[in-house]
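One-letter residues, chain by chain:
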Amino acid sequence: MKLNTKFQGLLLIVLFFLTGCAGIDISKSTYAWTPEVIRASDTIYANVRIEINHELSPELTKLWKKWLNTDRNILNWREAVSDAIREDMRRSGVFTNVSSSVSTDYDFLVRIESLESHPKNFMLDMVLTVIDPKTRKAVLSYKRDGDMGDSMMSYAPNLQKAISSQLADIRRQMLVDFTGKESPGYLAFLAPSKETEKETSAAGVTEKEASAAAKPAKDTESPEVTIFSPRTVRGLLVVSKKEATVIGLAKDESEIIAVLVNDVEATLKTFQGGVNFRASVPLSAGESELIVRAIDKRGNIGTKTLKIRSEISGVIPVEKPSGSKPNLWVLAIGVSGYEDSNLDLKYADNDARSIAKALKAQEGKLFDEVHYKLLLNKDGTRENILEGMSKFLGMASYDDLVIIFMAGHGVKDKQTGSYYFITHDARPDTLMTRGLLWSTFDEAQRRLASNVSKVMLWIDTCHAGAMKVAMRGAEAGEELSQALKSAEGTFVLAASKPGEESEESARFKLPGETGGHGVFTYALLEGLQYKADMDNDKSITISELNSYVAKRVPRLTKGKQHPFFRMSGTDVPIYMK
């Protein structure tokens, strides 16, 4: 289905002129947008409560009332801008935790006051104040201002850019003010007391452990640590390298501030409820231990230990374990039912279920385990999809295979060329704020691909060839299961080329099925029933599946639809008898 989207600035000016005389209230959601966040270069380990107040100057308020003739619209606009500022701060990663709840324990208060004015041009002034919660006095203050031009057409976009750039500039200065033991922010809020320093020094704990221990503790549970890689054989890890790369997951009720592997600090990727961690540690010959310690904000420490034997020289006589195959992780998204019933499809949710079921059948064959997560209809929101990629697929280890399947509406914006997946709660007038912009999805996919060597995208939407997907290099593989373990790359198989619709019908169903499919998914499922096994070796690779689907779909649609395929990497086996 072809849909048109409006730029927010154009939408705003159209609403102004259309509703000025009638005095119609415009909802806050119409004004809302998702900020393009300039992420902070570092993190301040602190729980922060944030207060935001966005105001319009008297002359601009008068102008708004002239345009819209209602106070409610001004309030909705102010609240929408405040929400965007809060989201920008939260997603920037400058603090370990940002909350607006009064009841939440916090280290200090951040108050952001912004003002729009219109003396001649549109202006934005912003003040961020860091306040001591005990004394209620301001300790640090940052002021920024900016000229947003005189054009009403560019008013909203320029405001969004000004907010993003001003907050990013303030955060850069804040990081300077909180970095180092002698910095004003650290001394005012984060420095442990002298008594705590003496106690922790005597106990021999690290600086980060000491900082965490200085916080008042409510959470007394230790973080839960899971190690995905490397895997042990009969409880012993045997390696022939001079270093080991440890990849895992740490979860806890409180924020996790550090993961140490043999005292080497791991790199962290945070999600709600925990972190994924990765660290490379040097090894010496002989038997030793890998000790993983996860430290939460309240000073609790979770520990996991691996016994290790490093045989750096010579051949290691290691029996290959029976469970050495990779795992398969499937995120299957299918949206048939939309909040706007005019967008409803018939079979997208059935497509996702059938793909997950077909791939689950590979458990114990090509893969040790097959894990899948379904996001169907009302669960197919922008937030759930991105969380599924970071949290669920984030549990995959480096050698595993990840498949993301998406079925539903897709649209390419004619003015910008941007591609959107239309989520359950998106409508044409909220596409920019509720739809899943493909560049956002692609960024999440790239973060995923940095920890997983093989990522496949199967996309059954209209105009899917308009996607711009990050690809990366690869190395050669070997025989079947080894080829799957050693291959690397990103593989995209999509339903249609740019400008083409994607067809669905009740006639596209496999024997024994009651519901239909999209023609692209139907061809995929046919191919996985070994019709794509071109060389009759009882296995199917991604290139074989692509060749089958590429020939089958145009025949089924009488030349109206042509699948789109891109591959960067070694051909990967994905199915076997």
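Below: a short report on this structure.

Reading the values: rules and limits
Residues numbered from 1 in each chain as written. Predicted model: local features only at pLDDT ≥ 70, side-chain atom pairs only at ≥ 80, totals over all residues. Heavy atoms only, no water. Helix = DSSP H or I, 4+ residues; strand = E, 2+ residues; numbered from the N terminus. Buried < 20%, exposed > 50% of the residue type's maximum accessible area, 1.4 Å probe, protein only. Contact = heavy atoms within 4.5 Å. Areas by Shrake-Rupley, 256 points an atom, 1.4 Å probe, with all protein chains shown as cover. Core = buried A, V, L, I, M, F, W, Y, C linked by side-chain atoms within 4.5 Å. Pairing = 2+ DSSP bridges. Expected span 1.5 Å × (residues − 1). Phe/Tyr/Trp six-rings, centres within 6.5 Å; stacked < 30°, edge-to-face > 60°. Axes fitted to C-alpha atoms, helices over the stretch in contact; angles between N-to-C directions. Parallel < 35°, antiparallel > 145°, perpendicular 65-115°, else oblique. Left-handed = near helix turned anticlockwise from the far one by under 90°. Nonpolar A, V, L, I, M, F, W, Y, C, P; charged D, E, K, R; others polar. Salt bridge = Lys/Arg side-chain N within 4 Å of Asp/Glu carboxyl O.

## Observations regarding the overall build of the protein
Logical step 1: Within the protein, the regular secondary structure consists of 15 helices and 27 strands.
Logical step 2: Every one of the 577 residues in the protein was classed for burial, and the buried ones make up 51%.
Logical step 3: Long-range pairs, those at least 24 residues apart, make up 72% of the contacts in the protein between residues at least 6 apart in sequence.
Logical step 4: Accessible surface computed for the protein: about 26,300 Å², of which carbon and sulfur atoms make up 49%.

## Topic: the nonpolar core
Logical step 1: In this structure, Phe95, Phe108, Ile112, Leu128, Val130, Ile163 and Phe178 are the most contacted members of the largest nonpolar core, which totals 47 residues.
Logical step 2: Per-element accounting of this core gives the leading share, 9 residues, to helix H5 (residues 155-178).
Logical step 3: Residues contacting isoleucine 112, with those up to four places away along its chain left out, are Ile50, Glu51, Ile52, Asn53, Ile85, Met89, Met126, Val127, Leu128 and Leu167.
Logical step 4: Residues Ala348, Leu528, Ile540 and Val549 belong to the second largest nonpolar core, which totals 42 residues.

## Considering the sheet that holds strand E18 (residues 410-412)
Logical step 1: Taking strand neighbours across the sheet as the criterion, the 3 strands line up as E18-E19-E20 in an open arrangement whose pairing is antiparallel. Strands at the two margins of the open sheet, each flanked by one partner only, are E18 and strand E20 (436-437).
Logical step 2: Note: strand E19 (residues 419-421) against E20, 2 bridges, orientation antiparallel. Looking across to E20, one finds that tyrosine 420 is bridged to leucine 437.

## Some details on helix H4 (residues 71-92)
Logical step 1: Its 22 residues give H4 an end-to-end C-alpha distance of 32 Å, which sits within 8% of 32 Å, the value for a rise of 1.5 Å per residue.
Logical step 2: For H4, every residue scored as buried is listed here: Asn73, Ile74, Asn76, Trp77, Ala80, Val81, Ser82, Ala84, Ile85, Asp88, Met89 and Ser92.
Logical step 3: Just beyond H4, the residue with positive phi is glycine 93, at close to 75 degrees.

## Some remarks on the packing of aromatic side chains
Logical step 1: Using the criterion set out here, one finds 12 aromatic pairs in the structure.
Logical step 2: Ring centres of phenylalanine 122 and tyrosine 155 lie 4.5 Å apart, and the angle between their planes is 15 degrees; on these two criteria the pair is classed as stacked. Of this pair, phenylalanine 122 sits in the loop between strand E3 (108-117) and strand E4 (123-131) while tyrosine 155 sits in helix H5, and the two are 33 residues apart along the sequence.
Logical step 3: Ring-pair connections join several aromatic residues into one group, and the members of that group are Tyr31, Trp64, Trp77, Phe122 and Tyr155.

## A short note on the sheet that holds E3
Sheet strands associate in pairs through backbone hydrogen bonding, adopting either a parallel or an antiparallel arrangement.
Logical step 1: Read across the open sheet, the 5 strands follow the order E2-E1-E3-E4-E5; overall the sheet is mixed. In this open sheet, the two strands that pair with only one neighbour each are strand E2 (95-99) and strand E5 (138-147). When strand polarity is set aside, the average angle formed by the axes of neighbouring strands in this sheet is 25 degrees.
Logical step 2: Those strands touched by H4 are strand E1 (44-56), E2, E3 and E4, and its axis lies near 160 degrees from that of E1.
Logical step 3: Relative to the sheet, H5 contacts E1, E2, E3, E4 and E5, its axis offset from that of E4 by approximately 30 degrees.

## Details of the packing of helix H10 (residues 382-392) against helix H12 (residues 438-449)
Logical step 1: With their axes 10 Å apart at the nearest point, H10 and H12 run at an angle of 15 degrees to one another. In terms of orientation, H10 and H12 fall into the roughly parallel class. Considering the relative orientation of H10 and H12, their crossing is right-handed. From H10, Arg382, Ile385, Leu386 and Met389 reach across to H12, where they touch Thr440, Phe441, Ala444, Gln445 and Leu448.

## Examining the packing of helix H9 (residues 348-360) against helix H14 (residues 519-531)
Logical step 1: At a minimum axis distance of 10 Å, the contact between H9 and H14 shows a crossing angle of 15 degrees. Accordingly, the angle class assigned to the pair H9 and H14 is roughly parallel. As H9 packs across H14, the resulting crossing turns out to be left-handed. Residue-level inspection shows Asp351, Ser354, Ile355, Ala358 and Leu359 of H9 in contact with H14, the latter providing Thr521, Leu524, Leu525 and Leu528.
Logical step 2: Looking at the contact of H9 with H14 residue by residue, the classes come out as 6 nonpolar, 2 polar and 1 charged.

## A short note on the pattern of salt bridges
Logical step 1: Applying the stated rule across the entire model yields 14 salt bridges.
Logical step 2: Here aspartate 88 and arginine 171 are joined by a salt bridge, their closest N and O atoms 2.8 Å apart. Here the residue aspartate 88 occupies a position in helix H4, and arginine 171 occupies one in helix H5, the gap between them amounting to 83 residues. Arginine 171 matches aspartate 88 in its accessibility class, with the two residues each being buried.

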